[in-house]
Amino acid sequence: MTLSDAVAHLSPHRWARANRLLIRKALAEFAHERLITPEAAGAGEYVVRSDDGLTRYTFKAVIRALDHWQVDADSITRHRDGTELPLAALDFFIELQKSLGLSDEVLPVYLEEISSTLSGTCYKLTKPQIPVAELVGAGFQAIETGMTEGHPCFVANNGRLGFGVHEYLSYAPETGSPVKLVWLAAHRSRAAFTAGVGIEYEAFVRDELGAETVERFHGVLREQDLDPADYLFIPVHPWQWWNKLTVTFAAEVAQKHLVCLGEGDDEYLAQQSIRTFFNTSSPEKHYVKTALSVLNMGFMRGLSAAYMEATPAINDWLAQLIDNDPILTATGLSIIRERAAVGYRHLEYEKATDRYSPYRKMLAALWRESPVASLQDGESLATMASLVHVDHEGASFAGALIAQSGLTPTEWLRRYLKAYFTPLLHSFYAYDLVYMPHGENVILALKDGVVQRAIYKDIAEEIAVMDVDAVLPPTVERLRVDVPEEKKLLSIFTDVFDCFFRFLAANLAAEGILEEDDFWRTVAEVTRDYQHSVPELADKFKQYDMFAPEFALSCLNRLQLRNNKQMVDLADPAGALQLVGNLKNPIAGL
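Treat the numbers as computed from the prediction; the structure is a model and nothing was measured. (Residues numbered from 1 in each chain as written. Predicted model: local features only at pLDDT ≥ 70, side-chain atom pairs only at ≥ 80, totals over all residues. Heavy atoms only, no water.)

## Focus: the overall build of the protein
Here's step 1: Across its full length, the protein carries 22 helices and 25 strands.
Here's step 2: Scaling as 2.2 N^0.38, a compact globule of 590 residues should have a C-alpha radius of gyration of about 25 Å, and the protein matches this with 24 Å.
Here's step 3: With respect to the principal axes defined by its C-alpha atoms, the protein has extents near 80 × 65 × 45 Å.
Here's step 4: Expressed as a percentage of its 590 residues, the buried residues of the protein come to 58%.
Here's step 5: In the protein, the proportion of contacts linking residues at least 24 apart, taken out of those at least 6 apart, comes to 74%.
Here's step 6: Per element, the accessible surface of the protein, about 23600 Å² overall, is 51% carbon and sulfur. (Helix = DSSP H or I, 4+ residues; strand = E, 2+ residues; numbered from the N terminus. Rg over C-alpha atoms; globule rule 2.2 N^0.38 Å. Buried < 20%, exposed > 50% of the residue type's maximum accessible area, 1.4 Å probe, protein only. Contact = heavy atoms within 4.5 Å. Areas by Shrake-Rupley, 256 points an atom, 1.4 Å probe, with all protein chains shown as cover.)

Take a look at the structure:
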């Protein structure tokens with residue numbers, strides 16, 4: 001690839017389209033979060049003015065349930081002093097800096113994230129535009145790499161600050177580039193391997209790497225007069241090796257605490273979360289999740305060595321809880337367990353930092369089960385994020401599944417909700433257990449377009465038990481969190497209703513497939529069905545009322561606009577929430 005080939009996707013017409021699409025999302029989500037207040041300017045037309053009042057953006061929009069602004073991208077215009085100007089996202093954020101609460105310190109870094117997001121959109125616009133009717137039959141990983149929007153709420157959702165364009169082309173999930181992981185040997189005096197029940201290190205590594213590769217890696221150590229028994233293998237993102245470990249961990253390399261063994265043989269595909277890889281050479285083998293010190297959506301995407309130690313035990317605990325609960329098993333719910341983890345502790349950086357520092361999250365990895373091995377006859381897999389994917393013609397993936405299924409839209413929705421939503425309700429009410437159940441963290445098992453069951457993932461870093469008095473095994477004690485009573489149900493209202501169902505309902509309504517009222521009535525019916533099945537939890541249902549008239553609006557973009565390098569104080573996540581007024585509960589009174 002030549003220097004100019006690397007930026008071939010950055011053409012004027014693609015840049016213009018990317019800017020229009022991003023400003024559409026910014027107008028919609030910032031209006032939803034009440035950062036801007038569009039003025040009505042006629043039937044379905046609205047105006048947003050710059051901080052100085054001199055630039056105005058006009059557009060057409062439909063306002064739906066949960067204050068969802070469905071903005072028509074092609075209707076957006078920008079005028080200043082009576083002259084129409086081209087849409088330019090960087091100018092948009094500068095013109096609205098005060099309205100958006102962007103400090104002078106945060107603004108340039110945020111603009112860099114926006115630039116990266118725009119560049120990624122330009123790349124996606126070079127790919128073949130696959131209609132959703134075709135994508136539904138394209139296979140698990142083709143669907144994964146075919147996602148174009150990223151997180152539905154965040155505007156700057158593809159920042160990936162730290163990637164150069166050549167690294168973007170090599171490692172971004174949408175490029176579909178095969179990746180071979182770098183493997184290091186880490187001295188046992190500074191590294192630890194932990195695993196779930198029944199897993200032993202040597203056999204596990206041999207299964208993942210193959211006996212020949214293990215022997216080759218042992219040979220690398222022996223050639224340096226090092227004993228393989230003194231080391232643990234750690235898989236590393238290639239970017240992390242080239243950009244961080246060779247420099248930041250130079251002392252560890254020089255002293256042979258870390259030894260580079262080379263690449264493994266298997267090829268992987270980066271998933272939507274960037275740092276997690278699916279094994280395409282052997283799809284039944286584990287995913288590998290790696291540390292990646294790039295800034296993306298409000299966090300440095302590292303992995304804590306200390307956190308890794310309890311990860312397998314937490315997964316085993318949750319898997320057992322699900323297996324022993326007849327309501328959860330009846331829904332078909334499963335998790336793909338994080339079965340093993342390895343972490344490396346840099347002793348000097350640990351002395352110099354607190355436990356939340358990115359310097360403590362530069363070298364760790366975990367292995368997560370593949371869902372492929374659990375597939376039953378006729379089943380296929382798709383990321384749940386696909387349900388809010390819309391193709392270049394405005395057709396939704398969910399709509400294509402409904403058409404494929406032959407079911408009525410409400411019946412299709414009911415089956416999806418029973419597989420995905422009922423387990424969330426029961427986990428909350430029976431165990432005070434919450435997940436981070438956004439689209440990228442859930443895999444759906446489908447058969448003829450119908451959701452058969454849900455598979456939750458990203459367990460150890462994301463789940464929590466919101467009961468300070470819960471009886472928990474010592475190995476999972478860290479799951480216990482103290483959350484104010486009034487914020488507990490936001491784990492459903494915000495994470496599910498506002499950050500996922502809001503988009504799914506709006507897309508289906510816009511296509512004329514399912515009216516919003518029918519969507520939310522079905523959600524209410526599935527909620528009632530669940531509640532009637534467990535009358536012993538009636539007091540809990542009153543205490544945490546799913547049918548309350550309204551709930552607090554929790555704003556994700558406000559978090560990122562305030563501090564895009566550390567979006568949430570990890571010591572107090574609930575305290576970091578940006579709550580701005582209330583939203584009307586779309587199932588209240590149903």
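This is not the end of the story, as more comes after the structure.
## Remarks on the nonpolar core
Here's step 1: By size, the foremost hydrophobic cluster in this structure holds 93 residues, and its most contacted members are Leu387, Tyr416, Tyr420, Phe421, Phe497, Phe501 and Met546.
Here's step 2: Looking at this core element by element, the count peaks at 12 residues for helix H19 (residues 490-510).
Here's step 3: Each of domain 2 (165-326 + 335-368) and domain 3 (376-531) gives at least three residues to this core.
Here's step 4: Contacts of phenylalanine 501, omitting those with residues within four sequence positions, involve Tyr416, Leu417, Tyr420, Phe421, Val496, Phe519, Trp520 and Val523.
Here's step 5: Tyr268, Ala270, Phe277 and Val288 belong to the second largest nonpolar core, which has 46 residues in total. (Core = buried A, V, L, I, M, F, W, Y, C linked by side-chain atoms within 4.5 Å. Domains from an automatic or database assignment.)

## Examining the UniProt feature "domain: Aerobactin siderophore biosynthesis IucA/IucC N-terminal" (unreviewed entry) in the protein
Here's step 1: Feature annotation in UniProt places "domain: Aerobactin siderophore biosynthesis IucA/IucC N-terminal" (unreviewed entry) on residues 140-389, given in this structure's numbering.
Here's step 2: The annotated region residues 140-389 carries 32% helix and 22% strand content, and the separation between its end C-alpha atoms amounts to 14 Å. (UniProt positions renumbered as here; feature names shortened; annotations may be inferred.)

## Notes on the environment of leucine 118
Here's step 1: Take leucine 118: it is sitting in helix H4 (residues 106-126).
Here's step 2: The class of leucine 118 is buried, set by a relative accessible area of 0%.
Here's step 3: Ignoring sequence-local partners within four residues, the contact set of leucine 118 consists of Trp15, Ala18, Asn19, Leu22 and Ala89.

## A word on the sheet that holds strand S9 (residues 231-236)
Here's step 1: Spatial strand order, S9-S7-S10: three strands in an open sheet with antiparallel pairing. Each edge of the open sheet carries a strand with a single partner, namely S9 and strand S10 (258-263). The sheet shows a mean angle of 30 degrees between the axes of neighbouring strands, taken without regard to direction.
Here's step 2: Judged from the five bridges that link them, strand S7 (residues 182-187) and S10 form a sheet pairing that is antiparallel. Looking across to S10, one finds that alanine 185 is bridged to valine 259.
Here's step 3: Where helix H8 (residues 201-209) meets the sheet, its contacts fall on S7 and S9, and the angle it forms with S9 comes to roughly 35 degrees.
Here's step 4: Lying over the sheet, helix H9 (residues 211-223) contacts S7, S9 and S10, oriented at roughly 140 degrees with respect to S10. (Pairing = 2+ DSSP bridges. Axes fitted to C-alpha atoms, helices over the stretch in contact; angles between N-to-C directions.)

## A closer look at the sheet that holds strand S19 (residues 380-383)
Here's step 1: A sheet is described by the order of its strands in space; here four strands give the open sequence S16-S22-S21-S19, paired in mixed fashion. Every interior strand has two partners, whereas the edge strands, strand S16 (334-335) and S19, have only one.
Here's step 2: Across six bridges, strand S21 (residues 442-447) lies against strand S22 (residues 450-456) in antiparallel orientation. Its bridge partner being in S22, leucine 444 is matched across the sheet by alanine 454.

## So, the pairing of S7
Here's step 1: Most of S7 is tucked away: five of the six residues are buried.
Here's step 2: Both S7 and S9 contribute to a ladder of six bridges, which runs antiparallel. Opposite valine 182, over in S9, you have valine 236 as the bridge partner.

## Thoughts on a nonpolar patch on the surface
Here's step 1: Taken together, the side chains of Val7, Leu10, Trp15 and Val165 define a hydrophobic patch exposed on the protein surface, amounting to about 290 Å² of accessible area.
Here's step 2: As for its position among the elements, valine 165 is in helix H7 (residues 165-171). (Patch = residues over 30% accessible without salt bridge, like charges linked within 9 Å, V, L, I, M, F, W, Y side chains within 5 Å. Salt bridge = Lys/Arg side-chain N within 4 Å of Asp/Glu carboxyl O.)

## Overview of the domain arrangement of the protein
Here's step 1: One can read the domain layout of the protein as domain 1 (5-126), domain 2 (165-326 + 335-368) and domain 3 (376-531).
Here's step 2: Averaged C-alpha coordinates put domain 1 and domain 3 at centres separated by 29 Å.
Here's step 3: Counting from both sides, the interface comprises seven residues of domain 1 and, opposite them, 10 residues of domain 3.
Here's step 4: Taken over both partners, the interface formed by domain 1 and domain 3 buries close to 760 Å², and the fraction arising from carbon and sulfur atoms is 56%.
Here's step 5: Where domain 1 meets domain 3, there are two salt bridges.
Here's step 6: The partner of arginine 502 in a salt bridge is glutamate 29, and the shortest N-O contact between them spans 2.9 Å. (Buried area = accessible area lost by both parts, 1.4 Å probe.)

## Some remarks on the packing of H19 against helix H20 (residues 516-533)
Here's step 1: Closest axis-to-axis distance for the H19/H20 pair is 9 Å, and the angle between their directions is 140 degrees. On the basis of their axis angle, the class for H19 and H20 is oblique. Two packed elements cross with a definite hand, and for H19 against H20 that hand is right-handed. In contact with Phe497, Phe501, Arg502, Leu504, Ala505, Leu508 and Ala509 of H19, H20 contributes Glu516, Phe519, Trp520 and Val523.
Here's step 2: Residues that form the contact of H19 with H20 fall into these classes: nine nonpolar, no polar and two charged. (Parallel < 35°, antiparallel > 145°, perpendicular 65-115°, else oblique. Left-handed = near helix turned anticlockwise from the far one by under 90°. Nonpolar A, V, L, I, M, F, W, Y, C, P; charged D, E, K, R; others polar.)

## A short note on the side chain of glutamate 113
Here's step 1: Within the element layout of this structure, glutamate 113 appears in helix H4.
Here's step 2: Buried charged residue glutamate 113 carries no salt bridge. Nearest counter-charge: arginine 301, at 8.4 Å.
Here's step 3: Beyond its immediate chain neighbours, meaning those up to four positions away, glutamate 113 contacts Ala156, Asn158, Gly159, Leu161, Met297, Gln560 and Asn564. (Lys, Arg positive; Asp, Glu negative; His and termini not counted.)

## Quick notes on helix H1 (residues 12-32)
Here's step 1: Between its first and last C-alpha, H1 extends 30 Å over 21 residues, near the 30 Å set by a 1.5 Å rise per residue.
Here's step 2: Looking one or two residues past H1, arginine 34 carries a phi angle of roughly 65 degrees, positive in sign. (Expected span 1.5 Å × (residues − 1).)

## Considerations on the pattern of salt bridges
Here's step 1: Under the criterion given, the structure shown has 37 salt bridges.
Here's step 2: A salt bridge links aspartate 266 to lysine 285, with the nearest nitrogen and oxygen atoms 3.0 Å apart. Separated by 19 residues along the polypeptide, aspartate 266 in the loop between S10 and strand S11 (268-270) and lysine 285 in the loop between strand S12 (276-279) and strand S13 (287-290) bring together distant segments of the chain.
Here's step 3: Residue glutamate 411 is joined to arginine 414 by a salt bridge in which the shortest nitrogen-to-oxygen separation is 3.8 Å.

## Describing unusual backbone geometry
Here's step 1: A positive phi is found at leucine 66, a non-glycine position, where the angle reads about 60 degrees.
Here's step 2: Looking at the secondary structure, you find leucine 66 in the loop between strand S3 (55-64) and strand S4 (68-71).
Here's step 3: For aspartate 81, which is not glycine, the phi torsion reads 55 degrees and is therefore positive.
Here's step 4: By the element assignment, aspartate 81 lies in the loop between strand S5 (77-80) and strand S6 (83-85).

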